[in-house]
Amino acid sequence: MTSSSFVLVVSTIADVATDDVIRRLAAASIPHHRINTEDFPFSRSLTLAYGEKRQGWLELDGQAIPLPSAIWYRRLRSAAKPEGLDQGIYQFCLNESRSALLGGIAGVRTRWLSHPASIWQAEHKPYQLAVASELGFHVPRTVITNNPLAIRRAAADFGRMIVKPTRNGHILYGEVEHAVFTSELLSVHLEDLQGAELSPAIYQELVPKRFDIRVTIVGTRIFAARIDSQSDPDASIDWRHTANPKLPHYQVTLPQALQEALLRLMARLGLNFAAIDLVETPEGDYVFLEVNPNGQWLWLDDMLNFGISQAVADWLVSEAR
């Protein structure tokens, strides 16, 4: 930590993981400022100035924000539409606000957890799979398509097969947001693929599991949890699908070679934080599934006392490593 540490946090009002880290920064008397992205543009104002004698840095509601020693880019959420505002104008205002805010901070030369451009790129699962494969990870046989014929060919080739989104695990249906879980594609589904052509999806062979492995990485610190997903039928395909709060979790130390490979993956993706999902097979092999560049972790701290929130706070005020 240096005497000039100032941390800028870009998140949302609803993110409890951000709340936890902010409490730790405050308890350690670390100067910081939190931006809740849903405040823009209808609740707060921002100003950026450029040109001769201007630094181009940020004012919020007329108050200058110090140039940060670290920026934590955590979450982006949209402001609610003001009553009576035309939908097209509302979307225009959101897009312009995001361009101003994210464009303004993205050019700051500082330490990032992680940079928005790296996060955006890493959120695309096809890209993750390509990079992981290039680095030598074992990845499931995969087809990404919206062609029903290709889906049926993959099912014939793979045997048991799962389907999941290529990027976004949530969908707004009506006024309610729903999670989209990884699901097994059964023969009855293959008989009627009407609608599959509307959106590409990821179709993969179903990898036999002994455990799911959740790896959270902060800088170079690795926190790995073994999740006994096969003990609960609701969790066997996607452990997030269960409502069981007592799904068994265990701390695990991953093989050194795998730890080194995961850090190479982080470097290749340009990330300083990520949650990575792996499968441990019955034979003891490890299979790469996906990366969440801003995944959740509080339940792991609660269940396993990992201290991930403290690791995030420590990284934000530490010297570059």
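The preceding data block contains the structure.
Everything in this summary refers to the structure shown in the same document. This one's a predicted model, so the numbers in the text were calculated from it and none came from an experiment. (Residues numbered from 1 in each chain as written. Predicted model: local features only at pLDDT ≥ 70, side-chain atom pairs only at ≥ 80, totals over all residues. Heavy atoms only, no water.)

The buried fraction of strand β1 (residues 7–11) is high, at five of five residues. Direction of pairing for β1 relative to strand β2 (residues 32–36): parallel, over a ladder of five bridges. Bridge assignment links leucine 8 to a residue of β2, and that residue is histidine 33. As a crossover connection, the stretch from β1 through helix α1 (residues 16–27) into β2 is right-handed. Inspection of the sheet shows β1 paired to strand β6 (residues 70–73) by four bridges, in the parallel sense. Residue leucine 8 lies in a different strand from β6, and its bridge partner there is isoleucine 71. (Buried < 20%, exposed > 50% of the residue type's maximum accessible area, 1.4 Å probe, protein only. Helix = DSSP H or I, 4+ residues; strand = E, 2+ residues; numbered from the N terminus. Pairing = 2+ DSSP bridges. Right-handed = clockwise from strand over helix to strand, strands pointing away.)

Looking now at the nonpolar core. Val215, Ile276 and Phe288 are the most contacted members of the largest nonpolar core, which has 41 residues in total. A per-element tally of this core places helix α7 (residues 256–269) first, with six residues. Ignoring sequence-local partners within four residues, the contact set of valine 215 consists of Ile222, Phe223, Ala224, Leu254, Leu262, Ala274, Ala275, Ile276 and Leu278. Of all hydrophobic cores here, the second largest spans 26 residues; its members include Val9, Val21, Ala225 and Leu300. (Core = buried A, V, L, I, M, F, W, Y, C linked by side-chain atoms within 4.5 Å. Contact = heavy atoms within 4.5 Å.)

The next subject is the sheet that holds strand β12 (residues 183–185). What the four strands build is an open sheet, ordered β8-β13-β9-β12; its pairing is antiparallel. Two strands in the sheet have a free side with no partner beyond their single neighbour: β8 (142–145) and β12. For this sheet, the mean angle separating the axes of adjacent strands, direction not counted, is 30°. Note: strand β9 (residues 161–164) against strand β13 (residues 201–205), four bridges, orientation antiparallel. Following the sheet pairing, lysine 164 is matched in β13 by isoleucine 202. (Axes fitted to C-alpha atoms, helices over the stretch in contact; angles between N-to-C directions.)

Along the chain, the position of phenylalanine 137 falls in the loop between α4 (125–134) and β8. With relative accessibility at 11%, the residue phenylalanine 137 sits in the buried group. Separated by 121 residues in the primary sequence, phenylalanine 137 and leucine 258 place their C-alpha atoms 8.9 Å from one another. Contacts of phenylalanine 137, omitting those with residues within four sequence positions, involve Ala132, Leu258, Ala261, Leu262, Leu265 and Phe288.

Relative orientation of the contacting elements α4 and α7 amounts to 130°, with a least axis distance of 10 Å. Of the possible angle classes, the one that applies to α4 and α7 is oblique. Of the two elements, α4 crosses α7, and the hand of that crossing is right-handed. Residue-level contacts link Tyr127, Val131, Ala132 and Glu134 of α4 to Leu265, Arg268 and Leu269 of α7. (Parallel < 35°, antiparallel > 145°, perpendicular 65-115°, else oblique. Left-handed = near helix turned anticlockwise from the far one by under 90°.)

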